[in-house]
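Residue-level listing of the chains:
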Amino acid sequence: MHPLLLRQLKREGLAPDSDVPERLYGLLDRISRAYSEADEERQLLDRAQELASRENEALCENLRAERAALEQKVEARTTDLQLSEARLRSLLSLSVDAVWEQDEDHRLRLVSDGMCLLTALPTERLLGQRLFDLPGFRINDGQMQQLLPRLESRASLREVACQFDRPDGSVRHLRISMEPAVNAAGQVHGYRGVARDITSETLAAQRLDCMARFDSLTGLPNRTHFVEMVDHAVARARRSGQPLAVALVDLDRFKTVNDTVGHAMGDELLRTMAARLRANIREVDSVARLGGDEFVLLLESCGSEGELSTVFNRLLAAIAEPVELLDRTYLLTGSVGLARFPDDGNDTSTLLRHADAAMYLAKERGKNNVQFYTDSLATQSARRFELETALRQAIARQELSLHYQPKVAATDGQLLGLEALLRWNSGAYGPVSPAEFIPVAEESGQIVEIGAWVLRQACWQMRAWRDSGLAVPPVAVNLSAHQFADNNLVTEIENALALNQLAPADLEVELTESVLMTEPERARGVLHHLRQLGLHVTIDDFGTGYSSLAYLKRFPAGTVKLDRTFVRGLPDDSDDSAIAGAVVAMAHSLRLLVVAEGVETEKQLEALRALKCDQIQGYLTGRPVDAATLAKNVLRPQ
Ligand SMILES: Nc1nc2c(ncn2[C@@H]2O[C@H](COP(=O)(O)O[C@H]3[C@@H](O)[C@H](n4cnc5c(=O)[nH]c(N)nc54)O[C@@H]3COP(=O)(O)O)[C@@H](O)[C@H]2O)c(=O)[nH]1
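Residues numbered from 1 in each chain as written. Predicted model: local features only at pLDDT ≥ 70, side-chain atom pairs only at ≥ 80, totals over all residues. Heavy atoms only, no water.

1. Comments concerning the site of the ligand
Point 1. Contacts to the ligand come from 23 residues, most closely from Arg423, Arg564, Glu597, Glu600 and Tyr619.
Point 2. One of the side-chain nitrogen or oxygen atoms of Arg564 is found 2.3 Å away from an oxygen atom of the ligand.
Point 3. A distance of 2.9 Å separates an oxygen atom of the ligand from a polar backbone atom of Tyr619.
Point 4. Expressed as a share of its isolated accessible area of 810 Å², the protein-covered part of the ligand is 82%.
Point 5. Counting only elements with at least two residues in the shell around the ligand, the list comes to β15 (415-426), α13 (434-444) and β20 (536-542).
Point 6. Per-class residue counts for the shell around the ligand are 9 nonpolar, 5 polar and 9 charged. (Near = heavy atom within 4 Å. Polar contact = N/O pair within 3.5 Å; in protein donor to acceptor, adjacent residues only side chain to side chain. Areas by Shrake-Rupley, 256 points an atom, 1.4 Å probe, with all protein chains shown as cover. Helix = DSSP H or I, 4+ residues; strand = E, 2+ residues; numbered from the N terminus. Nonpolar A, V, L, I, M, F, W, Y, C, P; charged D, E, K, R; others polar.)

This is how it looks when you write it as structure tokens:
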């Protein structure tokens, strides 16, 4: 019987074996089984609960473990994120680039330290401002017009150049890139941007550009820039029908001045001249430096020839104003050549070429004057070019020859020397005057070869005369600047003398002052060398250049040749008389001989004798003649 039933019967005072009526045995048996079944069910339930509880426990344990792992992960991620944010913040604050975020309305909502540095504005002045409305932000209108549609369509911007004017007035050049900021839902909620300060690159590029377009000495535009300016001006003039003028201004004998006073002072003089030119033209006109002592001006909507003459004569007067530098006074002059659009040329290069031709004419006409281009100048330029070409063949075609002009004693007319003078009888152009072809030979550099030929020919002729029994005085040859600069000069002289068994004293060289002053130090060295060899040296055209006692003392010359311009007016012109007298006195005080050139009249001869001039050269005492005529009429037997 089930123990619970047994206890219940006992509590009721019934002994299960005796006191319970037999008829209840079946019932008690069923109750006892029911109790047992209930026990079993309860035990099962307990067991099930126990199992469920254990499972729950395990589940909870797992959940706790997962949660802990997750929490660890989150913590690690958060740390990573914080580190990454800190890194980003540090990088942003270290970066000199400006970084920002702006909202949909382009108002700044985050700015980096770099942005504050670049704009020189504190964060609070930046936040909330529209980027493009920031005070100081500058972008050119054309570029802004291109940007607006891109911003509206939320497109990204790359490398947009703009400027920012800082509150202190300094300007920064920036290059901006921006791209849309997108939220998790893929919607654009503003822009992120970065701006790089490219001021130093921009300024360096501007400096390079400036160097490529401006002359560093004077700050004026250079040739390249000037050509562009004239190109544009010509295009404008074509549209407007207004004439324009291009004028070349070349400082006279500047090279000599430069070599005399030194390059630093020469530079200062060039700067002074540049400033004077700029100051004497209208604001709308331009002046540039082509190089050396050559300036060029552009005058748009220029006036008539008369008005241009007035302008340029005023410019020449400005150039000729004395320049006071370091207690010294310098006097310069300039020569101007003008060409006008459309009359003298239809494009820049023609205008410049024609202005150049006109400037050469101004030089030929005595310098310090203004010349306009004319068609006949074009003919002269063409002739120059043709002569230059023909001259290249002149030696090979035996078209060159020498004439000889006597130099005689002023007192008794005794033959003391000869000057060899070059003649060219061109197959194509007939006899060409040396006054015309020598400058062409000098400009084209052919004078070095031609001069060497003169030297050989003069020496050969002396030998030939002597061999035919004639007494030959020293023969002088003219040396040009190019020859004088040629390192072979002394050797060529020695060879020509040796080849013809002549003594150095048989040969004389004549050089103008400007040849000497081209490279004074070098000239002094070469002249000393020639004097040591025993050659006689004459300074030609004396009085026209930089004649001064100081210069004469520096160069070891034996004779000065008084220029014919001072002989022409003798004896009546008091200035010429005074100058001729001064030159003779000065030369004699330095123990130099004086030969007067271009003597054409007896009166001139008398005046020169009275001034104690030593020698005479001119048509009066003998014209230049060929070797055979000289041998027949002038030279005497030994
Ligand atoms: N570098 C070289 N230059 C040379 C050479 N040969 C000549 N020249 C130079 O060419 C210039 C012109 O020379 P040219 O036409 O020969 O004139 C010379 C004489 O004919 C001329 N002269 C002589 N006497 C008189 C005169 O009484 N009146 C007058 N009006 N002219 C006269 O003078 C020229 C000589 O001048 P200079 O040389 O100064 O003594 C001229 O500059 C020549 O130098 C050469 O081979 N090389």
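Okay, back to it.
2. Let's talk about the confidence of the model for the protein chain
Point 1. For the protein chain, mean pLDDT is 91; residues scoring 70 or higher make up 98% of the total.
Point 2. For the protein chain, helix α19 (residues 549-554) is the element with the lowest average pLDDT, namely 69, and strand β14 (residues 400-409) is the one with the highest, namely 98.
Point 3. This prediction of the complex comes with two scores: 0.59 for pTM and 0.94 for ipTM. (pLDDT = per-residue confidence, 0-100.)

3. Quick notes on the side chain of His225
Point 1. Of note, His225 is situated in helix α7 (residues 223-240).
Point 2. Residue class for His225 comes out buried when judged on its relative accessible area of 11%. (Buried < 20%, exposed > 50% of the residue type's maximum accessible area, 1.4 Å probe, protein only.)

4. Observations regarding the pairing of β15
Point 1. Across 9 bridges, the pairing between β14 and β15 is antiparallel. Each residue of the ladder has a partner; that of Gln405, found in β15, is Glu419.
Point 2. Hairpin connection, β14 to β15: the antiparallel pair is bridged by 5 residues, and Gly413 has positive phi, about 75°.
Point 3. Inspection of the sheet shows β15 paired to strand β16 (residues 430-432) by 3 bridges, in the antiparallel sense. (Pairing = 2+ DSSP bridges.)

5. Things to note about the sheet that holds strand β4 (residues 157-165)
Point 1. Ordered by their spatial adjacency, 6 strands build an open sheet running β2-β1-β6-β5-β4-β3, and the pairing between neighbours is antiparallel. Two strands lie at the open edges of the sheet, namely β2 (108-111) and β3 (137-138), each paired on one side alone.
Point 2. Along the sheet, helix α5 (residues 141-152) contacts β4, β5 (171-182) and β6 (188-197); its crossing angle with β4, the most-contacted strand, is approximately 130°. (Contact = heavy atoms within 4.5 Å. Axes fitted to C-alpha atoms, helices over the stretch in contact; angles between N-to-C directions.)

6. Here we look at the pattern of salt bridges
Point 1. Under the definition given, this model contains 39 salt bridges.
Point 2. Taking the shortest distance from any N to any O, the salt bridge between Glu510 and Lys407 comes out at 2.7 Å. Residue Glu510 is found in strand β19 (residues 507-512), and its partner Lys407 is found in strand β14; the two are separated by 103 residues along the sequence. Each member of the pair, Glu510 as well as Lys407, is classed as buried.
Point 3. Each of Lys407, Glu419, Glu508, Glu510 and Lys561 takes part in a single network of salt bridges with overlapping partners. (Salt bridge = Lys/Arg side-chain N within 4 Å of Asp/Glu carboxyl O.)

7. Some details on unusual backbone geometry
Point 1. Between Phe341 and the following residue, Pro342, the backbone shows a cis peptide bond with an omega angle of 10°.
Point 2. Pro571 follows Leu570 through a cis peptide bond whose omega is 0°.
Point 3. Assignment of secondary structure puts Pro571 in the loop between α20 (564-568) and α21 (574-589).
Point 4. At His106, a position not held by glycine, the phi torsion is positive, near 65°.
Point 5. Mapped onto the secondary structure, His106 falls in the loop between β1 (98-103) and β2.
Point 6. The backbone of Arg253 shows a phi angle near 50°, a positive value even though the residue is not glycine.
Point 7. Along the chain, Arg253 falls in the loop between β7 (244-251) and α8 (254-261).
Point 8. Classification of Arg253 as partly exposed rests on a relative accessible area of 37%.

8. A look at α21
Point 1. Along its 16 residues, α21 runs 22 Å from first to last C-alpha, staying within 8% of the 22 Å computed at 1.5 Å per residue.
Point 2. Among the residues of α21, Asp576, Ala580, Gly581, Val583, Val584 and Ala587 are the ones counted as buried. Mapping the buried residues of α21 onto a view down its axis gives an arc of 160°, with all of them on the same face. For α21, the exposed residues set more than 90 degrees away from the buried face come down to Ser574 and Asp575.
Point 3. As for α21, its buried residues are in contact with β20, β21 (559-562), α20 and β22 (593-596).
Point 4. The distance from a side-chain oxygen at the start of α21 to the backbone nitrogen of Asp575 is 2.8 Å, and the residue carrying that oxygen is Asp573. (Expected span 1.5 Å × (residues − 1). Arc of directions from axis to C-beta.)

9. Quick word on the sheet that holds β7
Point 1. The mixed open sheet is built from 5 strands, whose spatial order is β8-β9-β7-β12-β13. Bordering the open sheet on either side are β8 (286-291) and β13 (370-372), each of which pairs with just one other strand. With direction set aside, neighbouring strand axes in the sheet form an average angle of 20°.
Point 2. Bridge analysis of strand β12 (residues 334-341) against β13 gives 3 bridges, and the strand direction is parallel. Residue pairing for β13: Leu338 is matched across the bridge by Phe372.

10. Regarding the side chain of Thr348
Point 1. Checked against the element boundaries, Thr348 lands in helix α11 (residues 348-364).
Point 2. A polar contact of 2.5 Å, which involves the side chain of Thr348, links it to the side chain of Asp231.
Point 3. In this view, Thr348 contacts Val227, Val230, Asp231 and Val234; residues no more than four positions away in its chain are not counted.

11. Points about the packing of helix α16 (residues 489-499) against helix α18 (residues 520-533)
Point 1. α18 packs onto α16 with a crossing angle of 20° between their chain directions and a minimal axis gap of 11 Å. Judged by the angle between their axes, α16 and α18 are roughly parallel. The two elements α16 and α18 meet at a crossing, and its hand is right-handed. Two secondary-structure elements touch here, α16 through Leu489, Val490, Ile493 and Glu494 and α18 through Val526, His529, Leu530 and Leu533.
Point 2. For the contact of α16 with α18, the per-class residue count stands at 6 nonpolar, 1 polar and 1 charged. (Parallel < 35°, antiparallel > 145°, perpendicular 65-115°, else oblique. Left-handed = near helix turned anticlockwise from the far one by under 90°.)

12. Considerations on the environment of Pro624
Point 1. Along the chain, Pro624 falls in the loop between β23 (615-616) and β24 (625-626).
Point 2. Here Pro624 falls in the buried class, since its relative accessible area comes to 18%.
Point 3. Counting along the chain gives 222 residues from Pro624 to Leu402, while the straight-line C-alpha distance between them is 9.1 Å.
Point 4. Beyond its immediate stretch of four places on either side in the chain, Pro624 contacts His403, Tyr404, Gln405, Leu421, Arg423 and Tyr619.

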